[in-house]
Amino acid sequence: MTAYLAKRLLFAIPVLIATALLVFLALQLSPGDPVDVLVSPIAPESVRQRVRTELGLDKPLAVQFFIYMGNLARGNLGTSILNKRPVIELLKEKLPITAELGLAAFLLQYIIAVPLGAIAAINRNSIIDWFSMIMALIGVSMPDFWLGLILILFFAVTLKWLPPTGYGGIDKLILPALALGLPRVGRIARITRSSMLEVIGQDYVRTARAKGLAEHVVVFRHIMRNSLIPIISLMGLDLGYIIGGSVVIENVFARPGIGNMMLQSIYSRDFPVLQGCMFVLAFAIILGNIFADLLYALVDPRIRY
Amino acid sequence: MAETKTDSIENDVKTLEFPERGKNPSLWKRLRRSPGAMIGLVLIILLLLTAILANHIAPQGIDDQDLRNALQPPGSAFVLGTDEFGRDMLSRIIYGSRISLEVGIITTSVAALMGITLGVLAGYYGGWIDYIVQGLVDVSWAFPTVLMAIFLIAVLGPGLVNLMFAVGLVYWGAFARVVRGQVLTLREWEFVTAAHAIGARDSRIILRHIIPNLLSPVIVMATLLMGDAILIESTLSFLGMGAQPPTPSWGSILASGRAYLRLAPWVTTFPGIAIMLTVLGFNLLGDGLRDALDPRLKDR
């Protein structure tokens, strides 16, 4: 297991380098000039040139890339063009805000979805089964940012139960976590359901019933435990969804996290910040997938790496 | 929402097999048995009619401002109310259907054209082409689709045309993977061997024998992607990266409506419902088509 983990982590390095290279090159191709952000458009060329030298933008592309990679290896993600602060510092500040939202949405999804899917599987064609199907359909068809706006409208503006936007405190976390988590609940429930249906048909389930085990023992010990295995691999994929969604949801709820910072960096063409955000998010996705694979092996003794 | 859905689309489509002709009832007959697919079809036909007849059915023009009637609630004068410039919401949403449809069609075409071309080449020739295509797919899939699209817009600059290109670039990998898998199996079929044996050139085999057999998985995929593309367009336009005002994209109407959430909730509510019904239509029809093309997949 340790050897496997080491191998996976080692393989993550070239992926990260490739990500860094692609993000870097793509931004070089971008038509905008970061100098425009800092300098008034009517400033003389000499001023523009001085700013360019200060930022190291006058060096050849390859040199810029190696400087960038060298700094990256030392944990230096550059400095924000806009507010002159180190990008790594900004990311450290914003990461907990995004992680909190992501974790809350993640937990919320599975706490609702897995029981819903289980009940749907055990009572096929019941109201709950239909409900989970309709929820799955609507969930994938609904814009998550719109759900966020509707939640604000209903719970903050009309009922005044919760604050509409902002960060800090559990009351400000509930609505964004719902907006981020709810759209996927139906889909995860459906996957839980089909995974359970597959297990229900297995011989060992029939054996368990045949030897007279109580139904709840059969359901929890034999069916549930085995059908949860595919759900774990789904969690790895889900992480990407949550990270992508958080960019939009943070914007809707004015949460000052990484997603919001990334959008701001796009609007203001603050490329070092944008690069840093992309890099950290890629890192999170890779680590999350490795973690999901490890968890998979831990839960299912049949899997050996 | 969007991203992980395509993975599942892929899994669904990958296992498609070719129904034997003649043995099964026609596609339409099978499709008609699925209530979901029929609801989806009705929704899409309504969308098409709305988009085509927008000039005739919209009570007002796209950008007819009337500041004296700003932020009027829904009522007899304005069925869905008015926005901050006094523009009729119903008319804006009706015209918005054109943008959604246009974005869906162009994006899906870009993705399909790229994906099918590269997927066929990768599957048919294998070797280094295959490695490169698979590598590109892996890279483009490393990021969640929304994030990738946002990043591409950051590179290309905002605007509807760039958006369609960016979203197409995000989704081509989905087509390429499915098509590649299909071609790998098709290549081994007897009719391809037979075509080789009578001396057909590669180009002829690909165009006459391989591509026509890719049609059903591609149609399913394209239908499902139409919904995804419309959803992503609305998201990016909402973030100010796609359609710019006064273009009545549903996403950008939502973006301007959020400032008036308290005063005029209808500006935020109705475009969202329009997006949801449209995407729902494509998802329902896509699922129905998939089940109809391969009945074994039903209930999965």
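Our structure is the block above this text.
These lines cover the structure that appears in this document, whether it is placed above or below. This is a predicted model, so every value here is computed, not measured. Every chain begins its residue count from 1, and numbering advances along the sequence as written. Chain letters and ligand numbers both follow the written order, the letters beginning at A and the numbers at 1. Owing to the predicted nature of the model, reporting of local features is limited to residues with pLDDT of at least 70; listing and counting of side-chain atom pairs is limited to 80 or more, with chain, interface and lining totals taken over all residues. Only heavy atoms go into the side-chain values, all of them from the structure, while hydrogens and water stay out.

1. Notes on the interface of chain A and chain B
Next up, step 1: Counting from both sides, the interface comprises 47 residues of chain A and, opposite them, 40 residues of chain B.
Next up, step 2: Taken together, both faces of the contact between chain A and chain B bury some 3900 Å²; the carbon and sulfur share is 75%.
Next up, step 3: Buried area: the accessible area, evaluated with a 1.4 Å probe, that two parts lose upon being put together, summed over both parts. The largest per-residue losses of area from chain A upon contact with chain B belong to A:Ser141, A:Phe145 and A:Trp146, which jointly make up 15% of the total buried on that side.
Next up, step 4: Salt bridges, as used here, are contacts in which a Lys or Arg side-chain nitrogen is within 4 Å of a carboxyl oxygen on Asp or Glu. Linking chain A to chain B there are 0 salt bridges.
Next up, step 5: Comment: elements are numbered from the N terminus, with helices defined as DSSP H or I runs of at least four residues and strands as E runs of at least two. Sorting the residues of the side of chain A that touches chain B by element identifies α1 (2–29), α6 (127–141), α7 (144–158), α8 (171–200), α11 (229–252), α12 (258–267) and α13 (271–299) of chain A as the ones contributing at least two each.
Next up, step 6: It is α11(A) that provides the largest number of residues to the side of chain A that touches chain B, a total of 11 residues. Here a residue-residue contact requires only that any non-hydrogen atoms of the pair lie within 4.5 Å.

2. Quick notes on the layout of surface pockets
Next up, step 1: In this structure, the second largest pocket occupies an estimated 1400 Å³ of space.
Next up, step 2: Those elements giving two or more residues to the lining of the second largest pocket turn out to be α1, α11 and α13 of chain A together with α1 (2–14), α5 (89–125), α6 (127–141), α7 (145–156) and α8 (160–186) of chain B.
Next up, step 3: Here the element with the most residues in the lining of the second largest pocket is α1(A); it accounts for 11 residues.
Next up, step 4: Residues are sorted three ways: Asp, Glu, Lys and Arg are charged, Ala, Val, Leu, Ile, Met, Phe, Trp, Tyr, Cys and Pro are nonpolar, and all the rest, Gly among them, are polar. Taken together, the residues that form the lining of the second largest pocket break down as 34 nonpolar, 10 polar and 6 charged. Cavity: a set of points on a 1 Å grid over the protein atoms alone where a 1.4 Å probe fits but cannot get out. Pocket: an open set with protein on both sides within 12 Å along at least five of seven lines, its lining residues, like those of a cavity, having an atom within 4 Å of a point. Grid points are joined across faces, edges and corners, and a volume is the space filled by probe spheres set on the points.

3. A few points about the packing of α7(B) against helix α11 (residues 215–238) of chain B
All names here are of chain B.
Next up, step 1: Geometry is summarised by axes, namely lines fitted to C-alpha atoms with helices restricted to the contacting stretch, and by angles between N-to-C directions that run from 0 to 180 degrees. Relative orientation of the contacting elements α7 and α11 amounts to 50 degrees, with a least axis distance of 11 Å. On the basis of the axis angle, α7 is oblique to α11. Relative to α11, the crossing made by α7 is right-handed. Residues Thr145, Val146, Ala149, Ile150 and Ile153 of α7 touch α11, and the partners they reach there are Ile232, Thr235 and Leu236.
Next up, step 2: Of the residues that constitute the contact of α7 with α11, the class distribution is 6 nonpolar, 2 polar and no charged. Each angle receives one of four descriptions, namely roughly parallel if under 35 degrees, roughly antiparallel if over 145, roughly perpendicular if within 65 to 115, and oblique otherwise. Crossings are classed by handedness, with left-handed meaning an anticlockwise turn of the near helix from the far one by less than a right angle and right-handed meaning a clockwise turn.

4. Focus: the pattern of salt bridges
Next up, step 1: According to the stated counting rule, one finds 13 salt bridges over all chains in the structure shown.
Next up, step 2: Here A:Glu93 makes a salt bridge to A:Arg85, at a shortest N to O gap of 2.7 Å.
Next up, step 3: The classification of residues rests on relative accessible area computed with a 1.4 Å probe and restricted to protein chains. Under 20% of the type maximum is buried, over 50% is exposed, and intermediate values are partly exposed. Given a relative accessible area of 27%, A:Arg85 falls into the partly exposed group.
Next up, step 4: As a salt-bridge pair, B:Arg187 and B:Glu188 come within 3.7 Å of each other at their nearest N and O atoms.
Next up, step 5: For B:Arg187, a relative accessible area of 28% puts it in the partly exposed group.
Next up, step 6: Residue B:Glu188 is classed as exposed on the basis of its relative accessible area of 55%.
Next up, step 7: The network of salt bridges with common partners includes A:Arg85, A:Glu89 and A:Glu93.

Spatial relationships are all this shows, so hold off on functional conclusions.
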